[in-house]
Amino acid sequence: MKIYIEYSNEQEKLNPPEDFEKLVKDCTRAALEEEEIEDDAEVSVTLVDNARIRELNSEFREIDRETDVLSFPLGDDEGFEVDPDTDAILLGDIVISLEKAKSQSEEYGHSFKREVAFLVTHSLFHLLGYDHMTPEEETEMFAKQEKVLTKLGITR
């Protein structure tokens, strides 16, 4: 399985965790393995600050406040689009506020890397069709996230 990452850092306030692109690839691979998806895959990750994620949250969700991560899936119930050049499935876009991730890592008492890995993994499961609108969905999604992070050795 080959993982393609489209990466953009649109903020200058914080450096991403060391080996960020490898972290995203590892999280993506582990999430796909958890879902028993063997296809090559492509995901886009954009790092922003709190002001920019607030704008995006307001524009796309009509919620005028900052958030930690936004997910924009390309797949639907019919499946995923495929990149004709690579034959990789197109999962979608992830937008992370590094500022929010940093403050949450301090609030929760774990590393910045762990918080960013959690946000990437959380968003990946959204791209794969999961949601947490009901307690049952939330329990299932969060269990999968923790399984992936534990597999990668990224614990609290």
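Anything mentioned here points back to the structure above.
Below: a short report on this structure. Small disclaimer: the values here were computed from a predicted structure and weren't measured.

**Digging into a negative patch on the surface**
Item 1. Together, D76, D77, E78 and E81 give the surface a local cluster of negative charge.
Item 2. One can find D77 in the loop between strand 3 (69–73) and strand 4 (89–97).

**Digging into the side chain of T121**
Item 1. Summarising the element assignment, T121 is placed in helix 4 (residues 112–127).
Item 2. We classify T121 as buried; its relative accessible area is 0%.
Item 3. Apart from the residues lying within four places of it in its own chain, the contact partners of T121 are C27, Q145, V148 and L149.

**Description of the pattern of salt bridges**
Item 1. Under the defined criterion, the tally for this structure stands at 11 salt bridges.
Item 2. Residue K13 pairs with E99 through a salt bridge whose shortest N-O separation is 3.6 Å. Taken as a pair, K13 in the loop between strand 1 (3–9) and helix 1 (20–34) and E99 in helix 3 (residues 98–108) lie far apart in primary sequence, 86 residues in all.
Item 3. One salt bridge connects K144 with E35, and the closest N-O pair in it is separated by 2.9 Å. Residue K144 is located in helix 5 (residues 135–151), and its partner E35 is located in the loop between helix 1 and strand 2 (41–48); the two are separated by 109 residues in the primary sequence.
Item 4. Take K144: its relative accessible area is 13%, and that puts it in the buried class.
Item 5. The structure contains a network of salt bridges with shared partners spanning E34, E35, K144 and K147.

**As for the packing of aromatic side chains**
Item 1. Within this structure, the stated rule accounts for four aromatic pairs.
Item 2. Ring geometry for F125 against Y130: centres 5.6 Å apart, planes inclined by 80°, an arrangement best described as edge-to-face.
Item 3. Judged by its relative accessible area of 0%, F125 falls in the buried class.
Item 4. One Lys or Arg, K102, reaches over the ring of F112 and ends 5.4 Å from the middle of that ring.

**Some remarks on the nonpolar core**
Taken as a class, soluble globular proteins show a tendency for nonpolar side chains to be buried jointly.
Item 1. By size, the foremost hydrophobic cluster in this structure holds 36 residues, and its most contacted members are V43, L91, I94, I96, V116, L124 and L128.
Item 2. At nine residues, helix 4 tops the list of elements feeding residues into this core.
Item 3. In terms of nonpolar packing, the next biggest core, distinct from the first, is built from five residues, V48, I53, L70 and V95 among them.

**Some details on the packing of helix 1 against helix 5**
Item 1. The geometry of helix 1 relative to helix 5 is characterised by a closest axis approach of 9 Å and an angle of 125° between their N-to-C directions. Taken together, the axes of helix 1 and helix 5 are oblique relative to one another. Judged by the twist between their axes, the crossing of helix 1 over helix 5 is right-handed. Only K144, K147, V148 and K151 of helix 5 make contact with helix 1, whose side of the interface consists of C27, A30, A31, E33 and E34.
Item 2. Taken together, the residues of the contact of helix 1 with helix 5 break down into four nonpolar, no polar and five charged.

**Details of the sheet that holds strand 2**
Remark on secondary structure: sheet strands pair via backbone hydrogen bonds, oriented parallel or antiparallel.
Item 1. Taken together, four strands build an open sheet; the order of strands is 1-2-4-3 and the sheet is mixed. One side of each edge strand has no neighbouring strand; the edge strands of this open sheet are strand 1 and strand 3. When the angles between neighbouring strand axes are averaged without regard to direction, this sheet yields 15°.
Item 2. The strands that helix 3 touches are strand 2 and strand 4; relative to strand 4, the one it contacts most, it runs at about 65°.

Parameters and conventions
- Residues numbered from 1 in each chain as written.
- Predicted model: local features only at pLDDT ≥ 70, side-chain atom pairs only at ≥ 80, totals over all residues.
- Heavy atoms only, no water.
- Patch = residues over 30% accessible without salt bridge, like charges linked within 9 Å, V, L, I, M, F, W, Y side chains within 5 Å.
- Areas by Shrake-Rupley, 256 points an atom, 1.4 Å probe, with all protein chains shown as cover.
- Salt bridge = Lys/Arg side-chain N within 4 Å of Asp/Glu carboxyl O.
- Lys, Arg positive; Asp, Glu negative; His and termini not counted.
- Charge placed at Lys NZ, Arg CZ, Asp CG, Glu CD.
- Helix = DSSP H or I, 4+ residues; strand = E, 2+ residues; numbered from the N terminus.
- Buried < 20%, exposed > 50% of the residue type's maximum accessible area, 1.4 Å probe, protein only.
- Contact = heavy atoms within 4.5 Å.
- Phe/Tyr/Trp six-rings, centres within 6.5 Å; stacked < 30°, edge-to-face > 60°.
- Lys NZ or Arg CZ within 6 Å of the ring centre and 35° of its normal.
- Core = buried A, V, L, I, M, F, W, Y, C linked by side-chain atoms within 4.5 Å.
- Axes fitted to C-alpha atoms, helices over the stretch in contact; angles between N-to-C directions.
- Parallel < 35°, antiparallel > 145°, perpendicular 65-115°, else oblique.
- Left-handed = near helix turned anticlockwise from the far one by under 90°.
- Nonpolar A, V, L, I, M, F, W, Y, C, P; charged D, E, K, R; others polar.
- Pairing = 2+ DSSP bridges.

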